Amino acid sequence: MYVSLAAVQVWGGFCLAAIGFAMHRTGPAFRRHPVGAPVAVLGLALILLHTKQPPEPELLLMETAMDAGPWLASAVLGTTLVLSGAPTYSDRKPLPLFVGWVFVFSAWYLMLAIIPKLTMVEILSWVSSILGVVLAITVFALSVRFTERRTPTEPETEPLSEKERKYIGSVLRRHLEASDES
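Residues numbered from 1 in each chain as written. Predicted model: local features only at pLDDT ≥ 70, side-chain atom pairs only at ≥ 80, totals over all residues. Heavy atoms only, no water.

A. Focus on the overall build of the chain. The number of helices and strands found in the chain is six helices and zero strands. Secondary structure of the chain in N-to-C order comes out as α-α-α-α-α-α. By the compact-globule yardstick of 16 Å for 182 residues, the chain is too spread out, its C-alpha radius of gyration being 25 Å. Expressed as lengths along the three principal axes of its C-alpha atoms, the size of the chain is roughly 75 × 45 × 40 Å. Taken over 182 residues, the chain has a buried fraction of 16%. Looking at the chain alone, contacts between residues at least 24 apart form 49% of all its contacts between residues at least 6 apart. (Helix = DSSP H or I, 4+ residues; strand = E, 2+ residues; numbered from the N terminus. Rg over C-alpha atoms; globule rule 2.2 N^0.38 Å. Buried < 20%, exposed > 50% of the residue type's maximum accessible area, 1.4 Å probe, protein only. Contact = heavy atoms within 4.5 Å.)

What follows is the structure, encoded as structure tokens:
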């Protein structure tokens with residue numbers, strides 16, 4: 001069985017992009033893993049840059065990535081700006097919020113501009129996939145809601161007594177002193 005080097009490159013790049021994204025998501029929210037983004041970019045470069053044309057299934061993945069590139073980049077940039085401008089963790093920032101929404105709407109425009117190039121079978125495939133994703137997210141959200149409503153709330157715990165505070169303090173001191181010695 002013959003395996004094309006270009007096909008291996010596409011799938012290796014796809015795996016590196018997924019690994020880079022997962023690495024970027026690790027760590028605290030405001031201090032992400034520093035290697036994640038470069039690994040994801042390397043993966044995207046492997047998918048998109050070739051010396052030879054990959055075979056059919058990999059070529060379709062590459063063409064889809066190229067077609068989705070402009071609107072996907074606009075959507076990611078717009079979403080990032082909207083989230084940074086929204087008053088979730090800090091004060092509202094009107095300029096990033098406005099520019100972010102402009103990018104989000106332009107992403108929709110760019111995405112809808114490629115739809116006339118699609119056949120009816122492709123459009124129905126997209127719609128059925130989107131409906132499946134929406135259904136799965138709805139079932140997940142309803143399951144979480146149902147579970148959270150059925151779980152009894154825990155009563156608020158009492159503060160530590162003076163005896164408990166002294167005990168915890170002594171345990172912490174012993175462990176800290178032991179770690180200083182090693």
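That covers the picture; the talk isn't over yet.
B. Fine view of helix H4 (residues 94-113). Here H4 spans 28 Å end to end across 20 residues, near enough to the 28 Å set by a 1.5 Å rise per residue. Among the residues of H4, Leu97, Gly100, Val104, Ala107 and Met111 are the ones counted as buried. Looking down the long axis of H4, one finds its buried residues gathered within 80° of arc, a one-sided arrangement. With respect to the buried face of H4, the exposed residues turned more than 90 degrees away are Pro94, Leu95, Phe98, Phe105 and Tyr109. Where H4 is buried, its residues touch helix H3 (56-85). (Expected span 1.5 Å × (residues − 1). Arc of directions from axis to C-beta.)

C. Structural detail: a nonpolar patch on the surface. Together, Leu160, Tyr167, Ile168, Leu172 and Leu176 line one region of the surface with nonpolar side chains, adding up to about 510 Å² of accessible area. Ile168 gets classed as partly exposed once you look at its relative accessible area, which sits at 39%. (Patch = residues over 30% accessible without salt bridge, like charges linked within 9 Å, V, L, I, M, F, W, Y side chains within 5 Å. Areas by Shrake-Rupley, 256 points an atom, 1.4 Å probe, with all protein chains shown as cover. Salt bridge = Lys/Arg side-chain N within 4 Å of Asp/Glu carboxyl O.)

D. Here's a closer look at the domain arrangement of the chain. Each domain of the chain was delimited in the assignment, giving domain 1 (1-55), domain 2 (67-115) and domain 3 (117-147). When each unit is reduced to the centre of its C-alpha atoms, the spacing between domain 1 and domain 3 is 26 Å. (Domains from an automatic or database assignment.)

E. Region of interest: the environment of Gly43. Mapped onto the elements, Gly43 comes out in helix H2 (residues 36-48). Each C-alpha atom, one on Gly43 and one on Ala18, is 7.9 Å from the other, the two residues being 25 residues apart in sequence.

F. Region of the structure containing the packing of aromatic side chains. Applying the stated criterion to the full structure yields two aromatic pairs. Relative to Phe14, the ring of Trp11 lies with its centre 5.7 Å away and its plane at 85°, an arrangement referred to as edge-to-face. Of this pair, Trp11 and Phe14 both sit in helix H1 (residues 5-24), three residues apart, which is roughly one turn of that helix. (Phe/Tyr/Trp six-rings, centres within 6.5 Å; stacked < 30°, edge-to-face > 60°.)

G. Geometry of the confidence of the model for the chain. Averaged over all residues, the pLDDT of the chain equals 82, while 93% of them reach at least 70. Mean pLDDT across the elements of the chain bottoms out in H3 (81) and peaks in H4 (88). (pLDDT = per-residue confidence, 0-100.)

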